Amino acid sequence: MGSYLSGLLWNSVPDIPDELTKLTPSEKNALVDSWMLVIDDGLQQGGIKLFLKFFTLDPAARPYFTKFLKLSDDELRESKMLRAHVIRVMNTLNSLVDGLDDPELFVELSKFIGRTHYRHNIDTEHLVNLGEAVIWLVEQSNGGRLPPAVEDSWQRLWERITHFILAGEEEESKTDSGGETGVSVEQN
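Residues numbered from 1 in each chain as written. Predicted model: local features only at pLDDT ≥ 70, side-chain atom pairs only at ≥ 80, totals over all residues. Heavy atoms only, no water.

Enquirer: Honestly, helix α7 (residues 124-141) in this entry has me stumped. Any pointers?
Expert: Three- or four-residue spacings in an α-helix give side chains the same orientation, since the helix completes a turn every 3.6 residues. Under the 1.5 Å per step criterion, the end-to-end length of α7 is 26 Å for 18 residues, consistent within 8% with the ideal 26 Å. Residues of α7 that are buried: H126, L127, N129, G131, A133, V134, I135, L137, V138, E139 and S141. Summarising the contacts, the buried residues of α7 are in contact with α2 (25-41), α3 (43-57), α5 (80-98) and α8 (148-177). Within two residues after α7, G143 carries a phi angle of roughly 80°, on the positive side. (Helix = DSSP H or I, 4+ residues; strand = E, 2+ residues; numbered from the N terminus. Expected span 1.5 Å × (residues − 1). Buried < 20%, exposed > 50% of the residue type's maximum accessible area, 1.4 Å probe, protein only. Contact = heavy atoms within 4.5 Å.)

Quick look at the structure:
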């Protein structure tokens, strides 16, 4: 995608948000650039930091991970099961960031997460806290602080991911129950 600065200076494409991600090309470039530093730090190590931060921000989410429930943070750092889960989560996050150039793919990936997590009854609060942990991880990989515009782009990206995860959960609930549910997610 190129760098954020080059996108601003040399990009002849209008810097207009697309309808699905609600992000401009320069914002997408900034997201990719900041995510690349997470990759450079190592996805597995980053994922372990992400989960430890997530469990700190949202202790109520830990019981969803029954295999990790009784493990201390030190035991979690060494857990092969957590490492396996971390690899899947970080590869999914990487695919979401990589998919920003293809908004329909981005939406489908996000909805797929919702469909596959439907039975776990993940609520919006857990997704918000996970988003905070993701943004914290990106900040840590970028020297502990992001420029305000880039942090804002990460916030808005996570809002879109959350929106489409919930839409995927709603789709799965309709499939599971064979009809309408009480869950309602708007398209925008």
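Enquirer: How should I be thinking about the pattern of salt bridges in this particular structure?
Expert: Tallying each qualifying case throughout the model produces nine salt bridges. Note that R115 and E108 form a salt bridge whose closest N and O atoms lie 2.4 Å from each other. Taking relative accessible area as the criterion, R115 reaches 22% and is therefore assigned partly exposed. E108 sits in the partly exposed class, given a relative accessible area of 40%. A single salt-bridge network, built from bridges that share partners, covers E108, K111, R115 and E171. (Salt bridge = Lys/Arg side-chain N within 4 Å of Asp/Glu carboxyl O.)

Enquirer: It is not clear to me how the environment of S34 should be interpreted in this structure. Could you clarify?
Expert: Tracing the chain through its elements places S34 in helix α2. It is 8.3 Å that separates the C-alpha atoms of S34 and L146, two residues lying 112 residues apart in sequence. Here S34 is in contact with V138, N142, L146, V150 and W154, once residues within four sequence places are set aside. A distance of 2.8 Å separates the side chain of S34 from the side chain of W154, its partner in a polar contact. (Polar contact = N/O pair within 3.5 Å; in protein donor to acceptor, adjacent residues only side chain to side chain.)

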